[in-house]
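# Remarks on the overall topology
Take a look at the letters that make up each chain.
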Amino acid sequence: SAQVPEHDLTDGFHLIIKALRLNGLDTIYGVPGIPITDFGRMAQAAGMRVISFRHEQNAGHAAAIAGYLTRKPGVCLTVSAPGFLNGLTALANATTNCFPMILISGSSEREVVDLQQGDYEEMDQLAIARPLCKAAFRILHAQDIGIGIARAIRAAVSGRPGGVYLDLPAKLFPQVMDAVEGEKSLVKVIDPAPAQIPAPDAVARAMETLKSAKKPLVIFGKGAAYAQADEAIRDFVETSGIPFLQMSMAKGLLPDTHPLSAGAARSTVLKESDVVLLVGARLNWLLSHGKGKSWGEPYSKRFIQIDIEPKEMDSNVEIVAPVVGDIGSCMEAFNAALAKGWTQPPADWLATVSAKKEDNIAKMALRLKKNSTPMDFHGALGALRTVIKERPDAILVNEGANTLDLARGVIDMYQPRRRLDVGTWGVMGIGMGFAIAAAIETGKPVLALEGDSAFGFCGMEIETICRYNLPVCIVIFNNNGIYRGTDVNPSGGSDVATTVFVKDARYDRMMEAFGGQGVYVTTPDELYKAVGAAMDSGRPTLVNAVIDPAAGTESGRIGNLNPQSTVRKN
Ligand code: ADP
Ligand code: MG
């Protein structure tokens, strides 16, 4: 009531900020607007890092990758309906990739929305978000803020991590309550992602299977990188002596140059291995569902799988030894078993892998040395490969078609969680959001390698990069189009082909518009120098790297996924 002195009251604004901070969530990625503009201001005033983007999808991708890098849910803040929907793509993508994040959206008044009376930005956001994330909650009363945020945090990081939606109606923010009661209502989440110890039987079964292998292989996925069990993983590989593959974002968990890395012999080991241990990697499309020609069928394999999600087992093929638990605990249990007795894999298997590897590495070296103008992908990637080799601590963000697929194979990674890319969906537009969050969360220099098409999905955020003066160097592989820049309109009409852009666009000048450094390069040598200088200076830089428009292939490495018409005449 009016008689109560102001300092005895608190409100939704303050309680939300306090609840987040109490749980170590001190960064917000978002876009201001009704009804959360003042909330952002107050969060900043309270000492939170509030990073304002130009579009919610990019803020959402930033929050998602912040979650992946820190194991704390990344927080994205959006306005109602359209802003919420813009953030939703990132929330769904985070859930698909097992990244923990919380999308907090302001929303309109329940009473009006539920009667569909046409409120400002009316939308039943909770219902729309629910099927696209791991959990969805709404808080209606100030006294529930503590519990609501605790539930959101637990849902995001426990078990298989994922995206959580938190709906905060406009009316909640100014709702007042007694300050002391408010303080008491806050919850500090204890042990938000509890260890999940694997059953001893399951570990024993897995070790028996592994011991019986003549041609064992380990595959690490981004779940293994997320788990931050780096030492236990290294011990396991080096003690067992089993060759390993690292999925795209797991690259660098162990250096790609490690003697047991089978990365350069990927197709050989997939075909010829007899027992495969999957660690935080799903047998989805990225691994051809664990069957078919690429797995050497009709020759059969036995799979062991370590995953925190029990339902993942047998999702595509039979798993003969499922091990459900968190990767840190599982790897430690495996290491304890190894210590009790282990024989190294047969020498002829190791020799087969090594021979194939050396052969492929030698072939690739020739392509990377190419110094042609205009550059092809390999020539340009040869330069960037050296930039990363010289700065193994830097973070590489990567998206595009050919720019993605070829860079994955060419650029060796040396440290865990340094490669961030399009993930499970192959979604375009993660580049700038990931780069921004990587810089903010780690303070390390970031190289964002973008196809010209991929950059178009998020390019306006270069203003954000300049505004916060982040150590991000963007390289655009500019081949004038999607896949290639050479298509022609099959109708002969005056519109350009559906996959080509304005020729020789000067993306470097966009960067200059915001006070960043823009560089235009046409040779691998110039590229190497420009990127190296940018990475060392920490200045926001965009390098427009001119690539031969005829270089590249349709859909990069996944052209086989394009449906083909057998009756088309053109
Ligand atoms: P990739 O695309 O790199 O192959 P995926 O995203 O397909 O990786 O698989 C990651 C897997 O890791 C998911 O099945 C997820 O449940 C699992 N995972 C994530 N975090 C952990 C963890 N801490 N412990 C065990 N498994 C985890
Ligand atoms: Mg292109």
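Residues numbered from 1 in each chain as written. Chains lettered and ligands numbered in written order. Predicted model: local features only at pLDDT ≥ 70, side-chain atom pairs only at ≥ 80, totals over all residues. Heavy atoms only, no water.

## Re the overall build of the protein chain
- Looking only at helices and strands, the protein chain has 21 helices and 19 strands in total.
- Compactness check: the protein chain gives a C-alpha radius of gyration of 25 Å against a globular reference of 25 Å for 570 residues, within 12% of the reference.
- Considered along the principal axes of its C-alpha atoms, the protein chain spans approximately 85 × 65 × 55 Å.
- Looking at the protein chain as a whole, 56% of its 570 residues are labelled buried.
- For the protein chain, the accessible surface area stands at approximately 23700 Å², while carbon and sulfur atoms represent 54% of it.
- Distance between charge centres in the protein chain, computed from 57 positive and 61 negative side chains, equals 6 Å. (Helix = DSSP H or I, 4+ residues; strand = E, 2+ residues; numbered from the N terminus. Rg over C-alpha atoms; globule rule 2.2 N^0.38 Å. Buried < 20%, exposed > 50% of the residue type's maximum accessible area, 1.4 Å probe, protein only. Areas by Shrake-Rupley, 256 points an atom, 1.4 Å probe, with all protein chains shown as cover. Lys, Arg positive; Asp, Glu negative; His and termini not counted. Charge placed at Lys NZ, Arg CZ, Asp CG, Glu CD.)

## Let's talk about helix H14 (residues 347-368)
- The end-to-end C-alpha distance of H14, which contains 22 residues, comes to 31 Å, matching closely the 32 Å that a straight helix rising 1.5 Å per residue would cover.
- Turning to H14, its buried residues are Trp 349, Val 353, Lys 357 and Leu 368. In an axial view of H14, the angular spread of the buried residues amounts to 60 degrees, which keeps them on one side of the axis. Pointing more than 90 degrees away from the buried face of H14 are the exposed residues Ala 347, Asp 348, Glu 358 and Leu 366.
- Considering only its buried residues, H14 is in contact with strand S9 (216-220), helix H12 (266-272), helix H15 (377-390) and helix H16 (402-410). (Expected span 1.5 Å × (residues − 1). Arc of directions from axis to C-beta. Contact = heavy atoms within 4.5 Å.)

## Some thoughts on the sheet that holds strand S14 (residues 395-399)
- Across the sheet, six strands lie side by side as S15-S14-S16-S17-S19-S18; this open sheet has parallel pairing. For this open sheet the edge positions go to strand S15 (419-421) and strand S18 (517-521), each flanked by a neighbour on one side alone. Across the sheet, the axes of successive neighbouring strands diverge by a mean angle of 15 degrees, strand direction being ignored.
- Both strand S17 (residues 472-478) and strand S19 (residues 541-546) contribute to a ladder of six bridges, which runs parallel. Looking at S19, one finds that Cys 473 is bridged to Thr 541. (Pairing = 2+ DSSP bridges. Axes fitted to C-alpha atoms, helices over the stretch in contact; angles between N-to-C directions.)

## Let's talk about the coordination of the magnesium ion (ligand 2)
- Coordination sphere of the magnesium ion (ligand 2), protein contribution only: Asp 452 (OD), Asn 479 (OD1) and Gly 481 (O), at 2.0 to 2.1 Å.
- Here the donor residues of the magnesium ion (ligand 2) share one chain and are spaced in sequence as D-x26-N-x1-G. Placement of Asp 452 in helix H18 (residues 452-456) and of Gly 481 in the loop between S17 and helix H20 (507-513) is noted, with a sequence separation of 29 residues between them. Residues Asp 452 and Gly 481 agree in their burial class; the two are buried. (Donors = N, O, S within 2.8 Å, 3.2 Å for Na, K, Ca; no water.)

## Some points on helix H13 (residues 327-339)
- A rise of 1.5 Å per residue sets the reference length of H13, with its 13 residues, at 18 Å; its end C-alpha atoms lie 18 Å apart and thus fit the reference within 8%.
- Buried residues belonging to H13 abut helix H9 (200-211), helix H10 (222-226), helix H11 (230-240), strand S11 (275-279), strand S12 (302-307) and strand S13 (321-324).
- Two to three positions downstream of the cap, the backbone nitrogen of Gly 328 sits 3.2 Å from a side-chain oxygen, assigning the N-cap of H13 to Asp 326.
- Gly 341 sits one or two residues past H13 and shows a positive phi near 140 degrees. (Polar contact = N/O pair within 3.5 Å; in protein donor to acceptor, adjacent residues only side chain to side chain.)

## Concerning the nonpolar core
- Within the largest apolar cluster, 98 residues are counted, with the highest numbers of intra-cluster contacts made by Tyr 29, Phe 39, Leu 420 and Ile 474.
- Every residue in contact with Tyr 29, bar those within four places of it in the chain, is listed here: Ile 51, Phe 53, Ala 59, Ala 62, Ala 63, Ala 66, Val 75, Cys 76, Leu 77, Ala 437, Ile 440 and Glu 441.
- Residues Phe 220, Ile 304, Ala 337 and Leu 338 belong to the second largest nonpolar core, which totals 33 residues. (Core = buried A, V, L, I, M, F, W, Y, C linked by side-chain atoms within 4.5 Å.)

## As for a nonpolar patch on the surface
- A contiguous nonpolar surface patch, about 260 Å² in accessible area, is contributed by Trp 285, Ile 558 and Leu 561.
- With respect to the secondary-structure elements, Leu 561 resides in the segment after S19. (Patch = residues over 30% accessible without salt bridge, like charges linked within 9 Å, V, L, I, M, F, W, Y side chains within 5 Å. Salt bridge = Lys/Arg side-chain N within 4 Å of Asp/Glu carboxyl O.)

## Some words on the sheet that holds S9
- Here we have five strands laid out as an open sheet, ordered S10-S9-S11-S12-S13, and parallel in their pairing. The sheet is open, and its two borders are formed by strand S10 (244-246) and S13, each paired with just one other strand. The mean angle between the axes of side-by-side strands here comes to 15 degrees, regardless of whether they run parallel or antiparallel.
- Here five bridges tie S11 to S12, and the two strands are oriented parallel to one another. Across the sheet, Val 275 pairs through a bridge with Arg 302, a residue of S12.
- Helix-sheet contacts for H9 involve S11, S12 and S13, and the interaxial angle to S13 is about 140 degrees.

## Focus on the side chain of Asp 405
- By the element assignment, Asp 405 lies in helix H16.
- Looking at Asp 405, its side chain comes within polar contact range of the side chain of Arg 408, at 3.3 Å.
- A distance of 2.6 Å separates the side chain of Asp 405 from the backbone nitrogen of Arg 557, its partner in a polar contact.
- Among all residues touching Asp 405, those that are not within four sequence positions of it are Ser 555, Gly 556, Arg 557 and Ile 558.

## So, the packing of aromatic side chains
- Applying the stated criterion to the full structure yields eleven aromatic pairs.
- When the centroid spacing of 5.9 Å and the interplanar angle of 70 degrees are considered together, the rings of Phe 236 and Phe 334 count as edge-to-face. Of this pair, Phe 236 sits in helix H11 while Phe 334 is found in helix H13, placing the two residues 98 residues apart along the sequence.
- According to the relative accessible area criterion, Phe 236 is buried, its value standing at 0%.
- By the ring-pair criterion, three or more aromatic residues cluster together here, those being Phe 13, Phe 39 and Phe 173. (Phe/Tyr/Trp six-rings, centres within 6.5 Å; stacked < 30°, edge-to-face > 60°.)

## Here's the deal with the environment of Ile 430
- Position of Ile 430 relative to the elements: it lies in the loop between S15 and helix H17 (431-442).
- Note on Ile 430: relative accessible area 0%, which makes it buried.
- The sequence separation of Ile 430 and Asn 23 amounts to 407 residues, and the corresponding C-alpha distance is 27 Å.
- Setting aside residues up to four positions removed in sequence, Ile 430 forms contacts with His 61, Asn 93, Val 397, Asn 398, Glu 399, Asp 421 and Val 422.

These figures come from the coordinates and say nothing about function on their own.
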